[in-house]
Amino acid sequence: MPSEVPLQQKLGYNFRDMQLLTHALMHSSWANEHQMEGLNNQRLEFLGDAVLELCITDELYHRYPQFREGALTEIRARLVSEAELARLGRELGIDKALLLGRGEEHNAGRDRDSIIADAFEAVLAAIYEDGGIESARKVVKWVYRKRWEEASRLETKKDAKSRLQELCQKLYRETPNYIRLGQSGPDHAKTFEVKLILPDGQEFVGLEKSAKRAEHAAAALALETFKNANQEFPEHEQAPDKTGACP
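Conventions and cut-offs
Residues numbered from 1 in each chain as written. Predicted model: local features only at pLDDT ≥ 70, side-chain atom pairs only at ≥ 80, totals over all residues. Heavy atoms only, no water. Helix = DSSP H or I, 4+ residues; strand = E, 2+ residues; numbered from the N terminus. Expected span 1.5 Å × (residues − 1). Buried < 20%, exposed > 50% of the residue type's maximum accessible area, 1.4 Å probe, protein only. Arc of directions from axis to C-beta. Phe/Tyr/Trp six-rings, centres within 6.5 Å; stacked < 30°, edge-to-face > 60°. Lys NZ or Arg CZ within 6 Å of the ring centre and 35° of its normal. Core = buried A, V, L, I, M, F, W, Y, C linked by side-chain atoms within 4.5 Å. Contact = heavy atoms within 4.5 Å. Patch = residues over 30% accessible without salt bridge, like charges linked within 9 Å, V, L, I, M, F, W, Y side chains within 5 Å. Areas by Shrake-Rupley, 256 points an atom, 1.4 Å probe, with all protein chains shown as cover. Salt bridge = Lys/Arg side-chain N within 4 Å of Asp/Glu carboxyl O. pLDDT = per-residue confidence, 0-100.

Undergrad: Looking at this model, I keep getting lost on helix H12 (residues 160–172). Mind explaining?
TA: Side chains of residues three or four places apart in an α-helix project in the same direction, reflecting 3.6 residues per turn. With 13 residues, H12 extends 17 Å from end C-alpha to end C-alpha; this agrees with the ideal 18 Å at 1.5 Å per step. Residues Ala160, Leu164, Leu167, Cys168, Lys170, Leu171 and Tyr172 constitute the buried set of H12. Buried residues of H12, viewed axially, fall in a sector of 165°; they line one side. Positive phi appears at arginine 173, one or two residues downstream of H12, with a value of about 60°.

As structure tokens, then:
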């Protein structure tokens, strides 16, 4: 397919078996319409999720030997988030190359982050199947070339949960509460939902591919709210009484 040619160029990888790439771009809606249910990209997405996490983890481990586990976890969570994968997918042109059914096309499925992110992981799995783990590793390193330093600058000391806990202790003398609400989706692509409740009653919900990531996502949302409200006080400042309003 013509749209697959620029995609390969942007990936920096040429497939030996082009059917693998086509398979990776095949959404279930398209497969169902063409009576090819078993050929959608869901199984490849399942594999790609694991391949991506391994490649990202390996790169971060060797790139940042000075960072502790918490910081590495936080950086990885940012790099493999649905929003980030969708952003990369659009840069690569995956959104334009997707094979979608008429109904999904009509419902703006080509613009949905979840569909693009899943296809990104499926494409990575196709590269792994076509050329092995080293090929996948090279593609990940290339595709993320502008993201490594940017992500590392966002958090190099403590992960979101740790920072939020310290901030809550300082502001309220209490810690935040995380409630796992459940999970949804098929076995190969489950989404975990976690609710974060701050001592002042504010609530934030994180949705991610693991409960741990969902907790970090919710904590990051809470921290962003504090930042926008200028509520991250200096270390020497006295914490307010937990029954009173924040300054």
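Once the structure has been displayed, the description carries forward.
Undergrad: Just checking my understanding: could you explain unusual backbone geometry for this structure?
TA: For residues that are not glycine, phi is negative in most cases, and the peptide bond is trans in most cases. One non-glycine residue, arginine 173, lies in positive phi territory at about 60°. Of note, arginine 173 is situated in the loop between H12 and strand S1 (177–184). A relative accessible area of 45% means that arginine 173 is categorised as partly exposed.

Undergrad: I'm lost on the packing of aromatic side chains in this one. Help?
TA: Any pair of aromatic rings gets described here by the distance separating the centres and the angle formed by the planes. The tally for this structure, following the rule as stated, stands at three aromatic pairs. Ring centres 5.1 Å apart and planes at 90° place the aromatic pair tyrosine 13 and phenylalanine 15 in the edge-to-face group. Each of the two residues, tyrosine 13 as well as phenylalanine 15, counts as buried. Taking the centre distance of 5.5 Å and the plane angle of 35° together, the rings of tyrosine 144 and tryptophan 148 count as tilted. Taking the relative accessible area as the measure of exposure, tyrosine 144 reaches 0% and is therefore buried. Here the basic side chain of arginine 145 rests over the ring of tryptophan 142, its NZ or CZ set 3.6 Å away from the ring centre. Cation over ring: lysine 161 sits above tyrosine 178, and NZ or CZ is 4.8 Å from the ring centre.

Undergrad: How should I be thinking about the nonpolar core in this particular structure?
TA: Looking at soluble globular proteins, one finds that nonpolar side chains tend to be buried together. Grouped together as the largest cluster of nonpolar side chains are 47 residues, with contacts concentrated most on Leu11, Leu52, Ile56, Ile94, Phe120 and Tyr144. Considering every element that reaches this core, the biggest residue donor is helix H9 (residues 113–131), with eleven residues. Residues in contact with isoleucine 94, not counting those within four places in the same chain, are Leu7, Leu25, Gly89, Ile116, Ala119, Phe120 and Val123.

Undergrad: How should I be thinking about a nonpolar patch on the surface in this particular structure?
TA: A contiguous nonpolar patch, built from Ile179, Leu181, Val205 and Leu207 and spanning about 320 Å² of accessible area, is present on the exposed surface. Those elements that provide at least two residues to the nonpolar patch are S1 and strand S3 (203–208). Position of isoleucine 179 among the secondary structure elements: in strand S1.

Undergrad: Looking at this model, I keep getting lost on the confidence of the model for the protein chain. Mind explaining?
TA: Predicted coordinates in areas of low pLDDT are best not read in detail. Confidence in the prediction for the protein chain averages 84 pLDDT; 88% of positions are at 70 or higher. By mean pLDDT, helix H11 (residues 148–154) is the weakest element of the protein chain at 76, and helix H10 (residues 133–143) is the strongest at 96. Contacts from residues 233–247, a stretch scored under 50 in pLDDT, to residues over four places away or in other chains number 20 contacts.

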